[in-house]
Each structure stands twice: as C-alpha cells, then as structure tokens.
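Breakdown of the fold
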Amino acid sequence: MSSSRAIELQAPRIFLTEEFFLDAVEKLAQRDADLAAVLTTYGRPPLWVREPGFPSLVYIILEQQVSLASARAAYQRLLAATKQLTPTRFLRLSDTELKQIGFSRQKTLYTRLLAESLHRGHFDLGELHDLHDDCARKMLIALKGIGNWTADIYLLSALRRPDIWPVGDLALATAVQEVKRLHIRPSPEKLEKMSAPWRPYRAVAARLFWHAYLCKRGQNTAAISL
C-alpha cells in the first residue's frame, strides 16, 4: 500500500449521526441568522439518509434531472420488477422493461455499466467508506454517467459525510437564493464561495436549505426521502 493510500485509510472518519446532526443544526443557527430563521419558521429538518449500496446509487441516478416524485415512482416500479435490487437482478431486465419502468436510454446505459462493474468485482462501493470525501468522489465519477452531483448526493445521504456541499443541485441553489434573499440564483462557483461559513457542516446546511425549499412549496419533508 502506498504511503498516501495508508494516510487516507488511517485518518478518522466523521459520519452524521442523529446526535451529531442535532448539534450541527444548533451551531449553524448560532452562526447564521437566516438559517436560524429557517428553524424558527419550519422547524428542524429530517436527517434524510439512505442505505449505502447499489440500490441507493441507482435511485440517485434515476433522480438526475427529474422531479423527486418521478424518480420515486420509477424506483418503486424497479423494486417491484426485481423483488430484490441487486446488480445481478438488474442485469436480467431488458431495455424494454427498463424503459417501461422509467429509465431513459442514457440512464439504462449508466446503470447497466454500474451493475456490470459491481457484478464483475471491478468496483466495490464498500471501499468508499474508508476514503476521504475527495477520493471517494473521484472513484465514483470515474464511472460513466456518475457526475459530481450524483457522487455528492451519495456521499451526503448514503455515506453521511457532514461537509458535502452539492453545488450542482438546482433546488439547493434556489433555496439559498430564497433564504438569503438574493436577486439571482447563485452559480455553482458562487455557491461554493458562499458555503465557507458553514464548514465543516455544509451537508447539514444543505438539509436546512432543502427543508426551507420544500416547506415553502407545501411539501411534508418528513415524508420525503432524500
């Protein structure tokens, strides 16, 4: 093992537990009056976590550039078709079946490539648990069809990393614009610069912003899985 790899594995990992999350929410509210106002107006956001593994990554791929409701419906149809969602069972589905479930041609390709990589042992999602955020992200985006947004949402929700800030998320950008009362929606570059005061709890800040975004639109955030 290289020395750099050894350092990556030896460094302690911090994960979002319920206790850590509650503490971070309070610290962010103390630092930022606008986030404190979100808490006062809408209450505390859910922790919003997913189980690590292939099903969650497939779900996130389905969420690319579509509404949460559309992705959820397609995912439920996929679960019904496979009974148990594993790479092997996914690969048994034909392109026609996947289209009926709600997969576009591109998402069919991306998910097949992911399933094949896992099935053949060329990639192991379990290895991500021991890696730093940047290293884990690089491994994910090396897979065709998985970009920064997909990798960030997986790291944030499935691996519970506390400082992930998905600058490519449109709802997050809109929420920041609304909560911060900005004239225009911030660009990914602007979002990155704005996030400095919320380190090392940016994944918690993101949940607060999403909470405000959804509540403002009349959605029950407790019933929504991230």
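To start, this report covers the structure provided alongside it.

What counts and what doesn't
Residues numbered from 1 in each chain as written. Predicted model: local features only at pLDDT ≥ 70, side-chain atom pairs only at ≥ 80, totals over all residues. Heavy atoms only, no water. Helix = DSSP H or I, 4+ residues; strand = E, 2+ residues; numbered from the N terminus. Expected span 1.5 Å × (residues − 1). Buried < 20%, exposed > 50% of the residue type's maximum accessible area, 1.4 Å probe, protein only. Contact = heavy atoms within 4.5 Å. Phe/Tyr/Trp six-rings, centres within 6.5 Å; stacked < 30°, edge-to-face > 60°. Lys NZ or Arg CZ within 6 Å of the ring centre and 35° of its normal.

Because each turn of an α-helix spans 3.6 residues, side chains separated by three or four positions in sequence point in the same direction. An ideal rise of 1.5 Å per residue puts 21 Å on 15 residues; helix 8 (residues 105-119) measures up with 21 Å between its terminal C-alpha atoms. For helix 8, the complete set of buried residues consists of Lys 107, Thr 108, Tyr 110, Thr 111, Arg 112, Leu 114, Ala 115, Ser 117 and Leu 118. Buried residues along helix 8 sit in contact with helix 4 (54-63), helix 6 (87-91) and helix 7 (95-101). Phi turns positive, to about 80°, at Gly 121, one or two residues after helix 8.

For the rest of this paragraph, the subject is the packing of aromatic side chains. Under the defined criterion, the tally for this structure stands at seven aromatic pairs. Ring geometry for Trp 165 against Phe 209: centres 6.2 Å apart, planes inclined by 65°, an arrangement best described as edge-to-face. Of this pair, Trp 165 sits in the loop between helix 10 (148-158) and helix 11 (170-179) while Phe 209 sits in helix 13 (residues 202-216); the two residues are 44 residues apart in sequence, bridging distant segments of the chain. In this pair, the class of Trp 165 matches that of Phe 209, namely buried. Ring-pair connections join several aromatic residues into one group, and the members of that group are Phe 54, Phe 90 and Phe 103. Directly above the ring of Tyr 59 sits Arg 50, whose terminal nitrogen or CZ lies 4.9 Å from the centroid. Here Arg 217 stacks its cationic end above the ring of Tyr 213, 3.8 Å away from the centre of that ring.

These figures capture arrangement, not role.
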